[in-house]
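Close look at the chain arrangement
Each chain, letter by letter, is given below.
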Amino acid sequence: MSKFENIAQCVLDGEFKKVKGLVNKAMEDGAKPMDIINEGLIGGMNLVTPLFKTGEMFVPEVMKSAKTMNIGMELLKEYIKEGDLVTKGVIITGTVKGDLHDIGKNLVGMMLESSGYTVIDLGTDIEPEDFLKAIEEQKPDIIGMSALLTTTMMNIKETIDFLEEKGVRNKVKIIVGGAPISQEFANQVGADGYGEDAAAAVELCDSLVSEKAHA
Ligand code: B1M
C-alpha cells in the first residue's frame, strides 16, 4: 500500500477541495514532493484511466479528478527542481478551423498531462498556419487535432496536407479524434493514429513516443 494512498484516493474521487490539505500535510510530515506527485497525484490519475476506459467513470468525474490532480501539482511546483519532472513528450492540441467544440479536446489534454506529457493547447478554430507556426516554435513530438462537426472534419485533411506542403509533416506524429472521426478516416487523411476517447489517446501517444524512441 502506498504512503500516499489517501492523496491517490482523493484524486480518484475528484475531491478537489480536500487535496490541498492532504498535500500540505504530507509536506509537513517530510514527504518528498516528487513522491507525492508520482505515488499520490499521478498514482490517483492512473487509477482513473482504466475505470474511464471500461465505462465505470464518466467525463464529468474524470474532469474532476484531473482538476484535483492539477491543484495538487500547482501547489508542489515551487518545490520541484528543474529536471525532476521529466516529460514524456510535447503534444500540441487544437480543434481545427471552423470548429468551436473543445470539451473532448480539453479532456484529452488533461489526461495526457496527467500521464506525464507537456501539453500546449492552441484552443479552438485553429487555422493550418497556426499549427505550422506552433510546430516551428515548440518542436512538439505529436500534434493532436480534434473535430466535432462533419463540416469541419475535412479541415483535418486540409491541415495535414498543408503541413506536408510546408515540409514539416514528417517532423511530427499526428493523432486525430472527435465524435465524427474514425480509424478509417484517420487512415484516409494520412494521420498517424486515431483516439476513440481520452484514454485511447494516451495509449496511442505512449506507443507513438516509444516507437520514436526506438526508431
Ligand atoms: Co455542437 N454539435 N454545435 N455544440 N455539440 C454536436 C457535435 C452535434 C453532434 C449535436 C447534434 O446535432 N446532435 C452537431 C454536429 C452534427 C454534425 O456535424 N453532423 C453539433 C452542431 C450542429 C453544432 C452547431 C453547428 C450548432 C449550431 O450552431 N447550429 C454549432 C457549431 C459551432 C462551431 O463549432 N462552429 C455547435 C455549437 C455547440 C456549443 C458551442 C453549444 C457546444 C460546444 C461547447 C464547447 O465545446 N465548449 C456544443 C456541444 C456541447 C455539442 C455536443 C452536445 C456535445 C459535444 C461534447 O462536448 N461531447 C455534441 C453532441 C454530441 O457529441 N453528443 C454537439 C463530450 C466530449 C467529452 O466528447 O467531444 O466527442 P467528444 O470527445 C471525446 C472523443 O470524441 C475523443 O475523446 C473525448 C473524450 O472521450 N476526442 C479525441 C475528442 N477529441 C479528440 C482528440 C484526440 C483524441 C480523441 O486526439 C487529438
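What you are looking at is a predicted structure, and each value in this text was computed from that prediction instead of being measured.

Looking only at helices and strands, the protein has nine helices and five strands in total. Start at the N end of the protein and walk to the C end: the helices and strands fall as α-α-α-α-β-α-β-α-β-α-β-α-β-α. Radius of gyration (C-alpha) of the protein: 18 Å, near the 17 Å computed for a compact globule of 215 residues. Seen along its three principal axes, the alpha-carbon backbone of the protein occupies a region of about 55 × 35 × 30 Å. Here the protein holds 215 residues, and the buried ones make up 47% of them. For the protein, the share of sequence-separated contacts (at least 6 apart) that also reach a separation of at least 24 residues comes to 74%. Only carbon and sulfur atoms are counted for the fraction: they give 52% of the accessible area of the protein, which is about 11000 Å². Measuring between centres, the 22 positive side-chain charges of the protein sit 4 Å from its 35 negative side-chain charges.

What the rule picks out here adds up to nine salt bridges. Notably, a salt bridge pairs D29 with K25, separated by 2.8 Å at the nearest N-O pair. Exposure remark for D29: the relative accessible area of 54% places this residue in the exposed category.

In this section: the sheet that holds strand β5 (residues 193-194). Pairing in this open sheet of five strands is parallel, and the strands run β2-β1-β3-β4-β5 from one edge to the other. The open sheet has two edge strands with one neighbour each: β2 (118-121) and β5. Here strand β3 (residues 142-146) pairs with strand β4 (residues 173-177) via five bridges, running parallel. Along β4, the bridge assignment pairs G144 with I175. Strands in contact with helix α6 (residues 128-138) are β1 (90-95), β2 and β3; relative to β1, the strand with the most contacts, it is inclined by about 165°.

Further remarks concern the nonpolar core. Residues I7, I36, I37, L41, M111 and L112 are the most contacted members of the largest nonpolar core, which totals 43 residues. Put simply, the parts of the chain that give this core at least two residues each are α1 (5-12), α2 (19-28), α3 (33-53), α4 (59-76), α5 (103-114) and α9 (198-213). Among the nonpolar cores identified, the runner-up in size contains 25 residues, and L132, I143, V168 and V189 belong to it.

Here the focus is the packing of α2 against α3. Remark: α2 packs on α3, axes separated minimally by 10 Å, with the N-to-C direction vectors making an angle of 135°. Judged by the inter-axis angle, α2 sits oblique to α3. The interaxial crossing formed by α2 with α3 has right-handed handedness. Contacts between α2 and α3 involve V19, V23, A26 and M27 from the former and P33, I36 and L41 from the latter. Of the residues that constitute the contact of α2 with α3, the class distribution is seven nonpolar, no polar and no charged.

Criteria and cut-off values
Residues numbered from 1 in each chain as written. Predicted model: local features only at pLDDT ≥ 70, side-chain atom pairs only at ≥ 80, totals over all residues. Heavy atoms only, no water. Helix = DSSP H or I, 4+ residues; strand = E, 2+ residues; numbered from the N terminus. Rg over C-alpha atoms; globule rule 2.2 N^0.38 Å. Buried < 20%, exposed > 50% of the residue type's maximum accessible area, 1.4 Å probe, protein only. Contact = heavy atoms within 4.5 Å. Areas by Shrake-Rupley, 256 points an atom, 1.4 Å probe, with all protein chains shown as cover. Lys, Arg positive; Asp, Glu negative; His and termini not counted. Charge placed at Lys NZ, Arg CZ, Asp CG, Glu CD. Salt bridge = Lys/Arg side-chain N within 4 Å of Asp/Glu carboxyl O. Pairing = 2+ DSSP bridges. Axes fitted to C-alpha atoms, helices over the stretch in contact; angles between N-to-C directions. Core = buried A, V, L, I, M, F, W, Y, C linked by side-chain atoms within 4.5 Å. Parallel < 35°, antiparallel > 145°, perpendicular 65-115°, else oblique. Left-handed = near helix turned anticlockwise from the far one by under 90°. Nonpolar A, V, L, I, M, F, W, Y, C, P; charged D, E, K, R; others polar.

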